[in-house]
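Geometric and topological summary
What follows is each chain in one-letter form.
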Amino acid sequence: GLFTDPEAPFVGKTIAVTGVKGGVGASSVAHNLAWALSERVKVNSTLIDLDLNFGTTGLDFNQDAAATIADALMSPDRFDDAVMGRLISKATDRLSLFTAPATLDRTYNLEPETYNRVLEQVRGSVPFVVLDLPHIWSDWFKQTVIGADEIVVVAAPDLASLRNGKNLIDFLKAARPNDAQPKLVLNMVGLPKRPEIPPKDFGQAIGIDPSMVLPFDAQLFGTAANNGQMIFDVAPDSKVAQAIDLLAAQLTGKEIQAEKPSMLKKLLGK
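Treat the numbers as computed from the prediction; the structure is a model and nothing was measured.

Rules behind the numbers
Residues numbered from 1 in each chain as written. Predicted model: local features only at pLDDT ≥ 70, side-chain atom pairs only at ≥ 80, totals over all residues. Heavy atoms only, no water. Helix = DSSP H or I, 4+ residues; strand = E, 2+ residues; numbered from the N terminus. Expected span 1.5 Å × (residues − 1). Buried < 20%, exposed > 50% of the residue type's maximum accessible area, 1.4 Å probe, protein only. Arc of directions from axis to C-beta. Core = buried A, V, L, I, M, F, W, Y, C linked by side-chain atoms within 4.5 Å. Contact = heavy atoms within 4.5 Å. Pairing = 2+ DSSP bridges. Polar contact = N/O pair within 3.5 Å; in protein donor to acceptor, adjacent residues only side chain to side chain. Salt bridge = Lys/Arg side-chain N within 4 Å of Asp/Glu carboxyl O. Axes fitted to C-alpha atoms, helices over the stretch in contact; angles between N-to-C directions. Left-handed = near helix turned anticlockwise from the far one by under 90°. Nonpolar A, V, L, I, M, F, W, Y, C, P; charged D, E, K, R; others polar.

It is worth spelling out helix H5 (residues 112-123) at this point. Spanning 12 residues, H5 covers 16 Å between terminal C-alpha atoms, matching the ideal 16 Å at 1.5 Å per step. Turning to H5, its buried residues number three or more, namely Pro112, Thr114, Tyr115, Val118, Leu119, Val122 and Arg123. Buried residues of H5 fall within an arc of 165° about the axis and therefore sit on the same side.

Below, the structure is given as structure tokens:
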């Protein structure tokens, strides 16, 4: 703090969330993590869905926004605080959303600098930015994960995830030698009748112990997804909700702020 330049513009912390292959639940982790940051840790946050053609942020938060992050990316020169205010939607008082168009009417072959310019503008407006990254390998993806303050890598306990995850984490360690190492989330553990790599063995092989192991719970995730709800809304006492709380606390260095029961709840004995 003593050496911080008081004249320097504010820059928030960026958390990039990516899966090592499709279908491992990286978007679900990103969305619930962003919600936990804002509603459980109580810090203002913005979630940006960068899976432009197939993103699910609008569905998961039951939002049908006319403007999306693509509007900013297509006109980065005009993207300022005023435009950002018009494009962003609010999930809660503390959580803002940049949803994806989620249509196939165009492709987005944009320069990495375009993404960087838009993301830096958002970083200057809020303490925490969560990036829901698609499962791709491109110059802008590499630049984005290398430049993120924290990286959450989501994998399933199978061989393909192990190979892809090791490749990604080895790349990140080499490209970010002085930064925090990625946090590994092992998702969908305990799927019935599926042979799995045990979390301990998975962590040893990939070179990072899992920061979070999420049990397979089709009913919980399915209910939340179909109703446009977060895991905490559906089952606040579940192991999944508790694990996401813990991850949010680890990434911010802050404790979860417990909700104070209202007078009505006290009178009703709830």
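In this structure, Ile48, Leu50, Ile69 and Phe79 are the most contacted members of the largest nonpolar core, which totals 42 residues. Apart from the residues lying within four places of it in its own chain, the contact partners of Phe79 are Ala72, Met84, Leu87, Phe98, Val118, Gln121 and Val122.

Burial runs high along strand S1 (residues 13-19): 6 of the 7 residues are buried. In terms of strand pairing, S1 meets strand S6 (residues 150-155) through 5 bridges, oriented parallel. Following the sheet pairing, Gly19 is matched in S6 by Val154.

Below, the discussion takes up the side chain of Arg176. For Arg176, the location among the structural elements is in the loop between helix H7 (159-175) and strand S7 (183-189). Here the side chain of Arg176 touches Ile146 through a polar contact of 3.0 Å, landing on its backbone oxygen. Leave out the neighbours within four places in its chain, and Arg176 touches Val145, Ile146, Gly147, Ala148, Asp149 and Ile151.

Let's shift gears to the pattern of salt bridges. By the definition in use, this model includes 10 salt bridges. A salt bridge links Glu196 to Arg194; its shortest N-O distance comes to 2.9 Å. According to the relative accessible area criterion, Glu196 is partly exposed, its value standing at 28%. Its relative accessible area of 23% is what places Arg194 among the partly exposed residues.

A pair of packed helices can be characterised by two numbers: the angle between their axes and the separation between those axes. Packing of H5 against helix H6 (residues 139-147) brings their axes to within 8 Å, and their N-to-C directions diverge by 35°. Note on packing geometry: the crossing formed by H5 with H6 is right-handed. Here Pro112, Glu113, Tyr115, Asn116 and Leu119 of H5 come into contact with H6, specifically with Asp139, Trp140, Gln143 and Thr144. Grouping the amino acids of the contact of H5 with H6 by side-chain chemistry returns 4 nonpolar, 3 polar and 2 charged.

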